[in-house]
Amino acid sequence: MSNRFESLAAPGIRGLVPYVPGKPPEELERELGITGSIKLASNENPLGPGPHARAAIVAAAAGAGMYPDGSGHVLRSRLARRHRVAIGQVTLGNGSNDVLVLLAETFLTPEFEAVYSQYAFAVYPIAVQASGARARVAAARPSDHPMPLGHDPAAILAMIGPRTRLVFLANPNNPTGTWLTGTELRSLVRAIPPDVIVVLDEAYHEYSIGEGLPDGTAWLADHPNLVVVRTFSKAYGLAGLRVGYALSHPDVAELLNRVRQPFNVSVVGLAAAAAALDDREHVAATVALNRQGLQRLREGLLALGIKVLPSAANFVLCDLGRPAAPVNEALQRRGVIVRPVANYGLPDHLRISTGTAAQNERVIEAMRAALAEGA
Ligand SMILES: Cc1ncc(COP(=O)(O)O)c(C=O)c1O
């Protein structure tokens, strides 16, 4: 369908394909006339917010008639203490997605380039294209590599040139689940020129602790060009409230703050995130549930002959070895929503988030039935 105002749009917006989110259960239920569907499509936390965050959400609601503290002082100072940085190094976002877009707005124009890996998180290409900058996509590791379809540091370095302003790295990456080890990532960050901003997206960091993945925040002091991006959407269970943040050199934070909307995080979001940050028990319970979920999904899907990629996040990428669309439809008919990833150039794959133990059993059973019916 053509848009009659297409030619009036800014160059980066022309031809831009919007992000496709996971299908909401209500939509599927409306379409198919079913009830009781489950969604394992957006890497959300099946436990939702923890008790501290829930209490803070209720308490903060009374203040919703007022604008939030535009500086987000309380949350930023708690984040600064947690990460042992100065408050001036913390930038809040309406989800980490907002922070990624702020970075693109701040550092990219049509004369410049941004580098990211093939199969990297879908928001990078959108943010880069919208800015009018040129994307240089580094080939991913091959599918027979121990980290199939993952970031290839040599390929990423080879794409960096005099016009590169930003490099996006996701560790672990979505939708692949794959990761770079501390040694690989550190050498990559060291090899990137100091006048290129390195955006290290650690949205799934909390799940990866103990799996041998590095904590990029430890390198901030040595690399003023490094920006570490985190979120409250995943292990903290606050995806619906939209709170994320960047840790960076204070001068980078000062630039981001120039374009940041003054009230980009809500009253309720600020309060919930501050409470969630201290609820270590809830994060620990989330991570433990996820570990069991990853193991169960892996063994259940492998038993059905499905190839499952390694994952240090809260989802697995499955290689069905055949077109995934009919399987996805068969799963939906059984009330199970997972994520097709054809938009990433992976038409034979599906991404499945870990759920509760019951949800994990349900997706495995639905997959068994879908394959049995020849989907
Ligand atoms: C790698 C990565 N970065 C960032 C985000 C954005 O999350 P949010 O905007 O909810 O913080 C996601 C969401 O799925 C993600 O997978």
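Residues numbered from 1 in each chain as written. Predicted model: local features only at pLDDT ≥ 70, side-chain atom pairs only at ≥ 80, totals over all residues. Heavy atoms only, no water.

Student: Is there a simple way to think about the side chain of Asn 328 in this case?
Tutor: Relative to the assigned elements, Asn 328 resides in helix α12 (residues 324-333). Discounting chain neighbours no more than four positions away, the residues touching Asn 328 are Val 338, Pro 340 and Leu 350. (Helix = DSSP H or I, 4+ residues; strand = E, 2+ residues; numbered from the N terminus. Contact = heavy atoms within 4.5 Å.)

Student: What is the right way to read the pairing of strand β6 (residues 197-201) from this model?
Tutor: Strand residues, when the strand is regular, have side chains that alternate between the two faces of the sheet. Counting buried positions along β6 yields five of five residues, so the element is predominantly enclosed. Covered by surrounding structure in β6 are Ile 197, Val 199 and Asp 201 together with Val 198 and Leu 200, the residues of both alternating faces. Of the strand pairs in this sheet, strand β5 (residues 164-170) and β6 are connected by five bridges, and their pairing is parallel. Following the sheet pairing, Val 167 is matched in β6 by Val 198. Regarding topology, helix α7 (residues 182-191) serves as the crossover connection from β5 to the parallel β6, and that connection is right-handed. Sheet topology places β6 next to strand β7 (residues 226-231); four bridges connect them, and they run parallel. Within β7, the position partnered with Val 199 by the bridge is Val 227. (Buried < 20%, exposed > 50% of the residue type's maximum accessible area, 1.4 Å probe, protein only. Pairing = 2+ DSSP bridges. Right-handed = clockwise from strand over helix to strand, strands pointing away.)

Student: Please clarify how unusual backbone geometry should be interpreted in this entry.
Tutor: It is generally the case that most residues other than glycine have a negative phi and that most peptide bonds are trans. Cis geometry marks the peptide bond from Asn 171 to Pro 172; its omega dihedral reads -5°. Its location among the elements puts Pro 172 in the loop between β5 and α7. Going from Asn 174 to Pro 175, the amide bond is cis rather than trans, its omega being 15°. Positionally, Pro 175 belongs in the loop between β5 and α7. Phi is positive for Asn 43, close to 55°, though the residue is something other than glycine. Judged by relative accessible area, Asn 43 falls into the buried class, the value being 1%. Positive phi, normally seen in glycine, also occurs at Leu 149, with a value near 65°. Relative to the helices and strands, Leu 149 is located in the loop between β4 (134-138) and α6 (153-159). On the basis of relative accessible area, Leu 149 is assigned to the buried category, the value being 8%.

Student: Looking at this structure, I do not really get the domain arrangement of the protein chain. What am I missing?
Tutor: Size of an interface, as often reported, equals the accessible area lost when the parts are brought together. Per the domain assignment, the segments of the protein chain are domain 1 (21-48 + 281-372) and domain 2 (51-278). Here the C-alpha centroids of domain 1 and domain 2 sit 25 Å apart. Between domain 1 and domain 2, the residue contacts involve 27 residues of the former and 31 residues of the latter. Summing the contributions of domain 1 and of domain 2, the shared interface buries around 2200 Å²; its carbon and sulfur component is 62%. Looking only at domain 1, the three residues that lose the most surface to domain 2 are Pro 310, Ala 312 and Tyr 344, adding up to 28% of its buried area. (Domains from an automatic or database assignment. Buried area = accessible area lost by both parts, 1.4 Å probe.)

Student: Is there a simple way to explain the site of the ligand in this structure?
Tutor: Close contacts around the ligand come from Gly 95, Ser 96, Asn 97, Phe 121, Asn 174, Asp 201, Ala 203, Tyr 204, Thr 231, Ser 233, Lys 234 and Arg 242, and that covers them all. A total of three residues in the shell around the ligand trace back to one element, the largest contributor, which is helix α4 (residues 95-107). Taken together, the residues of the shell around the ligand break down into three nonpolar, six polar and three charged. (Near = heavy atom within 4 Å. Nonpolar A, V, L, I, M, F, W, Y, C, P; charged D, E, K, R; others polar.)

Student: Just to check I follow, could you spell out the packing of helix α11 (residues 280-302) against helix α13 (residues 357-372) for this structure?
Tutor: Relative orientation of the contacting elements α11 and α13 amounts to 15°, with a least axis distance of 10 Å. With respect to their mutual orientation, α11 and α13 come out roughly parallel. When the axes of α11 and α13 are compared, the crossing they make is right-handed. On the side of α11, the interface is formed by Gly 293, Arg 296, Leu 297, Gly 300 and Leu 301, while α13 contributes Asn 360, Glu 361, Val 363, Ile 364 and Met 367. Considering only residue class, the contact of α11 with α13 consists of five nonpolar, three polar and two charged. (Axes fitted to C-alpha atoms, helices over the stretch in contact; angles between N-to-C directions. Parallel < 35°, antiparallel > 145°, perpendicular 65-115°, else oblique. Left-handed = near helix turned anticlockwise from the far one by under 90°.)

Student: Even after reading the chapter, I still don't get the pairing of strand β13 (residues 346-353), so can you show me in this structure?
Tutor: Judged by how many residues are buried, β13 sits mostly within the fold: six of eight residues are covered. Across five bridges, strand β10 (residues 315-319) lies against β13 in antiparallel orientation. When the sheet's bridge partners are listed, Cys 318 is paired in β13 with Leu 350. Here strand β12 (residues 339-341) pairs with β13 via three bridges, running antiparallel. Within β13, the position partnered with Arg 339 by the bridge is Arg 351. Turn length for the β12-β13 hairpin, with the two strands adjacent in sequence and antiparallel, is four residues, and the turn residue Gly 345 shows positive phi of about 80°.

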